[in-house]
Structure formats: structure tokens, C-alpha cells
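Here are the chains, one letter per residue:
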Amino acid sequence: MSSNAEALRLYAQAVEKLRNFDALGARDLLEQAIRADPQYAMAHSALAEAWLTLGYDNRAAKEAKRGYESSGALNREQKLLIDGRYHEASHQWDEAIKAYRVLFDFYPDNVEYGLRLARSQWEGAKYDDSSGTAQVLAKLPPPTSNDPRIALALAKAEFSLGNLALAQKSVASAAEQAKQNGAVLIVAEANLLQVGNSSPSHGLAVDQAHADEAYRICESVGDLDCAAWALYRKAFVDDNNAASRPQYEQALQLFTRTGDLRGVANVQIGLGRLSWLHGRDNEARRSFVQAQATCEKIDDQSCRWKAILHEGNVFAEAGNMPEAGERFQRAMVIAQKAGESGGAAWAMANLGEVRQLQGDLTQALTLFQNSAEINRQHFGKPGALGMAYAGSALLDQGRLDDARHILEESLAIAHTYMGEGRDIGNATMTLARVDLAEQRPAEAESKLRTIVAYRESIDDKQTAAAYNDFLALALLAQGKVTEAQTATAHARQLLGAKRDGPWPLHLTITEARVAVASSPHDAHVVARALASVRSVMAQAHKTGMMKLEFEARVAEGEIEMQSGALTAGRAHLASLGRDAKAKGFELIAREASRD
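Residues numbered from 1 in each chain as written. Predicted model: local features only at pLDDT ≥ 70, side-chain atom pairs only at ≥ 80, totals over all residues. Heavy atoms only, no water.

Caption draft 1: Spotlight on helix H4 (residues 57-69). Helix length check: H4, at 13 residues, gives a terminal C-alpha distance of 18 Å against a target of 18 Å (1.5 Å per residue), a fit within 8%. Taken together, the buried positions of H4 are occupied by Asp57, Ala60, Glu63, Ala64 and Gly67. For H4, the angular spread of the buried residues around the axis is 125 degrees, confining them to a single face. (Helix = DSSP H or I, 4+ residues; strand = E, 2+ residues; numbered from the N terminus. Expected span 1.5 Å × (residues − 1). Buried < 20%, exposed > 50% of the residue type's maximum accessible area, 1.4 Å probe, protein only. Arc of directions from axis to C-beta.)

Caption draft 2: Layout of the environment of glycine 196. Along the polypeptide, glycine 196 turns up in the loop between helix H11 (184-194) and helix H12 (204-220). Its relative accessible area of 45% is what places glycine 196 among the partly exposed residues. C-alpha of glycine 196 to C-alpha of arginine 492: the two residues are 296 residues apart in sequence and 31 Å apart in space. Excluding residues within four positions of it along the chain, glycine 196 makes contact with Asp207, Arg233 and Val237. (Contact = heavy atoms within 4.5 Å.)

Caption draft 3: Quick peek at the nonpolar core. Counting residues in each nonpolar core, the largest one holds 49 residues, and the members touching the most others are Tyr11, Leu30, Met42, Ala43 and Leu137. The dominant element in this core, judged by the number of residues it contributes, is helix H3 (residues 41-53), at 9 residues. Excluding residues within four positions of it along the chain, leucine 137 makes contact with Phe104, Val111, Gly114, Leu115, Ser145 and Ile150. (Core = buried A, V, L, I, M, F, W, Y, C linked by side-chain atoms within 4.5 Å.)

Caption draft 4: Region of the structure containing the packing of aromatic side chains. A full pass over the atoms with the stated rule returns 13 aromatic pairs. A centroid spacing of 6.1 Å and a plane angle of 85 degrees characterise the contact between phenylalanine 470 and tryptophan 503, whose relative ring orientation is edge-to-face. Here the residue phenylalanine 470 occupies a position in helix H25 (residues 461-477), and tryptophan 503 occupies one in helix H27 (residues 502-518), the gap between them amounting to 33 residues. The buried category is assigned to phenylalanine 470, whose relative accessible area is 8%. Residue tryptophan 503 is classed as partly exposed on the basis of its relative accessible area, which comes to 32%. An aromatic cluster of at least three residues, connected via ring pairs, comprises Trp229, Tyr232, Phe236, Tyr248 and Phe255. Its end group placed over the ring of tryptophan 51, arginine 59 keeps NZ or CZ at 4.8 Å from the ring centre. One cation-aromatic arrangement involves lysine 156 over tryptophan 122; the distance from NZ or CZ to the ring centre is 3.9 Å. (Phe/Tyr/Trp six-rings, centres within 6.5 Å; stacked < 30°, edge-to-face > 60°. Lys NZ or Arg CZ within 6 Å of the ring centre and 35° of its normal.)

Caption draft 5: Region of interest: the environment of alanine 23. Mapped onto the secondary structure, alanine 23 falls in helix H2 (residues 23-36). Between the C-alpha atoms of alanine 23 and asparagine 163, which are 140 residues apart in sequence, the distance is 29 Å. Filtering out sequence-adjacent residues up to four positions away, alanine 23 remains in contact with Leu18, Ala50, Thr53 and Leu54.

Caption draft 6: Highlighting the state of the cysteines. Going through the model one piece at a time under the given rule, you end up with 2 disulfides. Bridging cysteine 295 to cysteine 303, the disulfide has an S-S length of 1.8 Å. Take cysteine 303: its relative accessible area is 4%, and that puts it in the buried class. Ordinal numbering of bonded cysteines along the chain defines a disulfide pattern of 1-2, 3-4. (Disulfide = S-S within 2.5 Å.)

See the structure below:
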């Protein structure tokens, strides 16, 4: 310990601020403590914790190393604490867990050591273990067990496990205990934890109310960084809505003012997503590239893979599969190295989508299955998104029963843990495609109308356009040509000026089908339709989107057959059937063989 009374006083005040989630205040006090005693190992170690909380991973690692190197004269307990912080700063979660486990085993009534263990277990994606540690702490005798941070730790673990009822009960308990203790920043933290984690029946209004309450608290005590996080979270849960931009921009100003670069990077990613979802791809890419630079400044690998993955999404939707695949591959590797299994699984699923479009169904299916398995191993349940994508690959392979089974399982998981969202939409749309393949278009229509309505209700134009596209195919299969025309026209309106990329090009194919269905004997209509699908074929071939090229070739052959050009239609479909079969696209091969 330090022999400098001023350093000891500042350190004690800083530790209290860390306990109350005031990392900025703790940082300033710890820097003063170190100026008073540069060899104060515990202050260096605590400063590493403050820097880590603020997102400065590189600075955290340096301070943790200084604390570690200055710890020679400390007792075993203090050395273990410094050791744990050192491994936390290096994202070596297994080693941090070992250090804190020893401390908690030796001092089972020390809530600080138990909370550190639970936190490291959570960071290391050992959510069951983190929950178990929090529950052990909750069984300590009062007043120790009344520490609101215990209930907060339990809530974080249970939210990650998808146990919403227990998580919400715990976070409510944390907020109430914090109010009784006058720990207002913990109340704010409890509100922030609930943003985006409300039950499906509560939705956006409740999320935003929690964010508003957190902002009110943070502003009332002058904690600008906390206020910025409240603004960011409020914008993030409604980032389909252009109205969230001012909240993002206000949060960015506050994060810049307080020097919280992790917050800056998160806002840059959020602004990028907002631009991307509203069709401003160049603006989106600039934001994601800026975010990557910010993440690199603070050596935050977690925000790096997220920014890279989102940049990959922009490339993928624009139809640039090589660039998209490279981004997803890189994001996957970074997430794996950072020990973030959920991120690795997400990037893996996105990479699988690219491989599927490029025509490599075997690799795509492997990536989807691995993504789902990673989620099962680390989170106790298979990943609904990976399973939905796997269902799509199985459908392309013509394995309809297998596809339906995994898609229904994916839906059950998504409904249980997440409520309405992207996972449910993807699985439902692919189930509708299974219905179409099994000649059950009315059932497909029913499924698609449900998810179309939801995506439009949250102003997700791009996804709603894709669902309307497939809705038009379901309507067309029932002979509802006028309704199909309405659906394609609405899809095109939702896409705006977007013409490139998988979804706009797929819509062009559907539009051609609908046009010919409405006027099969009009030579001009047929000629325009064939020109459209052949243009898609050429663009898909040029950009390596083999699956889309196959789909355009199916449409070409079928339009020719409908318009009476039987010889050309049969020849084109026979050629397609051979090519599709060779690449494992059995469903398309079957469609091509229908006369």
C-alpha cells in the first residue's frame, strides 16, 4: 500500500465511484492519486479498470501492466486482485476468472470479489456461471445481500441467457435497492440495462421510457457520460427511425466532450446503421470506417469487429460479395480472438449468406450450422438466425422436410427468447418459400403478410421490400395477378432509388414474372421482361451472385415458355437444370425440369 495519505484518500474515493458506475470520476481521482504516489500499484490497477470501462483498452492494458509490475511488495490478496485486473484489461477472461475465483473462495463474504468474478464470467460468455455467482452473492446475509449490484449482475446474466422474466425481476430489484441506498447512478444503470431488453409485449415505448429515466437521473447529477449513454441507447433501439438521428448526434457531442471514445465509436456505428437502413450507402460506409478508426485508437477489438461487420453488410446489400465476404471473414476472426463468441457466430452467419449467394451451398450450410452451434455451446440455445439461414440452404438443396423442421425450431427459439424481430422474419420468409415449393401458396401468403406488416410498422423499408417481393410470388402462384402487381409496386417504392444488390435485383425478376402473367401474349411486354431478367443475369454473373443468376435463368425459361417460345425455353431450362444440379441447387434444378 502507499505511504502517501493523499494518495490513499484519493484512491478510496475513486474505488467508491467505481462501485457506483462513475468511471469518469474515478479516472480523474486515480490520476491524482498516481501523481501523489507514482509507485502506488493499487491505484494503477484501479485506473486500468476505469480505462477499461471507458473503452480505452490500450490505456487499460498499460496501467494494468504498471500495477502488475509494482505489486512485488503487496500481500497475496492484493496481488490476486491486481492479477485479475491485469487479465481483465488484456481480455484474458479465463485467467481473470481464475484469479477472482481464488479471491472469492478465500473471502466468500466479500461482495467485491464475487462481483468481479461474475463480471469476468459474463465477459467471457460464461453466462450460466455468472448467474450462479450472482445467486451465491444474493444468499449472503444482509446488508451485504442487499447490494443492488448483485441483482444487476444477475439481471445481466439472465438477459444474456434469454431468461427475460427472471432478468426483469432482478433488474427491478436492483433499481429498488439502489433507490433505497441513494445510489442514483445504479438506478440509471438498471434503467439502461432494460433498454432493448423489455418483454416483446412492452416494446419500444417502455424501452424509451427507461432511457429517458436514465437520462434524467444522469443529467440531474451532472454525469454527462452517463447521459450520453442514455441518449445513445434510446436512439439505438429505434434506429430504423430517422427521428433517432438527433439523439445520436447529441450523444456524440457529449461523448466527445467527456472523452469517451468507446461511446463515440458506438454512435458512429449507430449513425452508419441509420444511414444504411435508409438507403444512404456511401454515408453509411463513411460512418463505419470512422468507427473502425476510433476503435483502433482505443484498441477496442469488440467495437472493431462490429464496425467491420456492418461495413460488410453495406457491401453485401450493394451486391459486392467479394468485399462483403472479406469484411465478414475479418470480423469473425477479430471477434474470435476477442473471445466474443456471439459476434463470431453473427459474422459466420453473414459470411454463410455470401457463400450461398456465390453458389457454395456446402460451405454456406457448414457456416450456418457452426454459427448455431456456437450459440448453443456458449448461450445454452442454438442461434435462431444461424438456424434460419441453414433452413434456407437446405431449401436450396431441395431438402424440404429438413428445411421446414429447422425453420420451425428456429421460430420456436426466436419467439421464446426474442419476440418479433429479424430472426423471426428470416425464418418465416423461408418457411413461406418452403410452402411455395410444396405448392401451398395460400399458406405462404398468410405468413408473408404477417411479417410484412411488422417490418413496415417499424419503418424497416429494405426488409419490408424483400418480404413484399416474395408476397408477390405467393400471390402470383394463386393467380392473383393484380394483387401481385400491387405488392411489387409497393416493394419498389420502399426501395426508392436502390437498383443494385441481391434484393433489388430479385425484385426485378419478380416484376418481370408479374408483367408477363398480366400480359402473356403482348410481345412488347414479354420482350421487356426478358430484357430485364437477362440484365439481372449479366449483373449477377459479373458480381459472382450465382444463386441470383440461376433464379434469373429460371424466370427467363419460364417466360419464354409462357409466351410460346417453347424451343428456346426448354433449351434454356435444360441447360440451367444441369448447371444448378452440378452446384447442389436441387430445388432450382427441379423447377427447371418442370415443363
